[in-house]
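Structural overview for review
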Amino acid sequence: TELYQQTVNGVRLMHRGSVVGWNWWLLGGYPTSTDIAQSFAALAIVPMTLFGEQVGYHVLHAVLFVALPVFVWWDVRHEDPETAVVAGGFAALFTAGYFATLGNSGDTNSLVGVFCVGLALAGSLAARLGRRWGGPVLLLALTLGLYSHVAFVVYAGIFLLLEAIYFRDMKAVIRLSIAGVIAGVVSLPAHSDSVRYPAYP
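As the structure is a computational prediction, the values presented were derived from the model and not from experiment. (Residues numbered from 1 in each chain as written. Predicted model: local features only at pLDDT ≥ 70, side-chain atom pairs only at ≥ 80, totals over all residues. Heavy atoms only, no water.)

With that out of the way, let us pick up the overall build of the chain. Helix and strand counts for the chain come out as nine helices and two strands. What you see in the chain, going N to C, is helices and strands ordered as α-β-β-α-α-α-α-α-α-α-α. Reported as C-alpha extents along the three principal axes, the dimensions of the chain are approximately 55 × 35 × 30 Å. The buried share of the chain, taken over its 201 residues, is 41%. Summarising the internal contacts of the chain: among those between residues at least 6 apart in sequence, 67% fall at separations of at least 24. Carbon and sulfur atoms form 70% of the exposed surface of the chain, whose accessible area is close to 11300 Å². Counting 10 positive and 11 negative side-chain charges, the chain places the averaged centre of each group 12 Å from the other. (Helix = DSSP H or I, 4+ residues; strand = E, 2+ residues; numbered from the N terminus. Buried < 20%, exposed > 50% of the residue type's maximum accessible area, 1.4 Å probe, protein only. Contact = heavy atoms within 4.5 Å. Areas by Shrake-Rupley, 256 points an atom, 1.4 Å probe, with all protein chains shown as cover. Lys, Arg positive; Asp, Glu negative; His and termini not counted. Charge placed at Lys NZ, Arg CZ, Asp CG, Glu CD.)

Laid out in structure tokens, this is it:
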């Protein structure tokens, strides 16, 4: 309920042309710029606008659940069948584990973070394979991650750096650096208050 209400608040703020505001309903209120680990408005604005707040929120989560195995399939589709089956099985198990966690604690913010990491890895792979859309997808994933769950952008950066080292791909390092800087600039509206007022409790 808490995360749903935060998302509703965030989407309504975005409809008014703002990405930050004030959450009045918890502990006397606090600035939404401090929600660096649980702000879904940037991801939820499209489904919640199209389908309404309640249905759109569930549509978003359905897309996130389906996306995780799809990311794994995209990564291993050219591997031998046995590897693809094992990887797909682990992806299904991982997704099922998130379902159980969500049912128990409502921990959807980690699911959103994992989605952003998976999207970043898929974009990086596509760019390494010469697909023109890979770089923009990588940039989109990092930006969405910074708007929704900053910690997972750090994870994405570590994974992408390890990938570049493994493949000895300096272009991947440059691509990651450029995408990271641009995503950081694009996400400043969501985090500028926290940067300006770091002592805010």
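Take the packing of aromatic side chains next. In this description, a pair of aromatic rings is defined by centroid distance and the angle of the planes. Following the criterion strictly, the structure yields five aromatic pairs and no others. On the basis of an interplanar angle of 40° and a centroid distance of 5.6 Å, the ring pair of Phe 71 and Phe 115 is categorised as tilted. Within this pair, whereas Phe 71 is found in helix α3 (residues 53-76), its partner Phe 115 is found in helix α5 (residues 108-128), the two being separated by 44 residues in sequence. In this pair, the class of Phe 71 matches that of Phe 115, namely buried. When the ring of Phe 152 is compared with that of Tyr 155, the centres are 5.0 Å apart and the planes differ by 85°; the resulting orientation is edge-to-face. Within this pair, Phe 152 and its partner Tyr 155 are both found in helix α7 (residues 150-166), separated by three residues, close to a single helical turn. Here Phe 152 falls in the buried class, since its relative accessible area comes to 12%. Directly above the aromatic system of Trp 74 lies the positively charged group of Arg 77, at a separation of 3.5 Å from the ring centroid. Of note, Arg 128 hangs over the ring of Phe 167, and the distance from its end group to the ring centre comes to 3.8 Å. (Phe/Tyr/Trp six-rings, centres within 6.5 Å; stacked < 30°, edge-to-face > 60°. Lys NZ or Arg CZ within 6 Å of the ring centre and 35° of its normal.)

Don't take any of this as a statement about function, it's just geometry.
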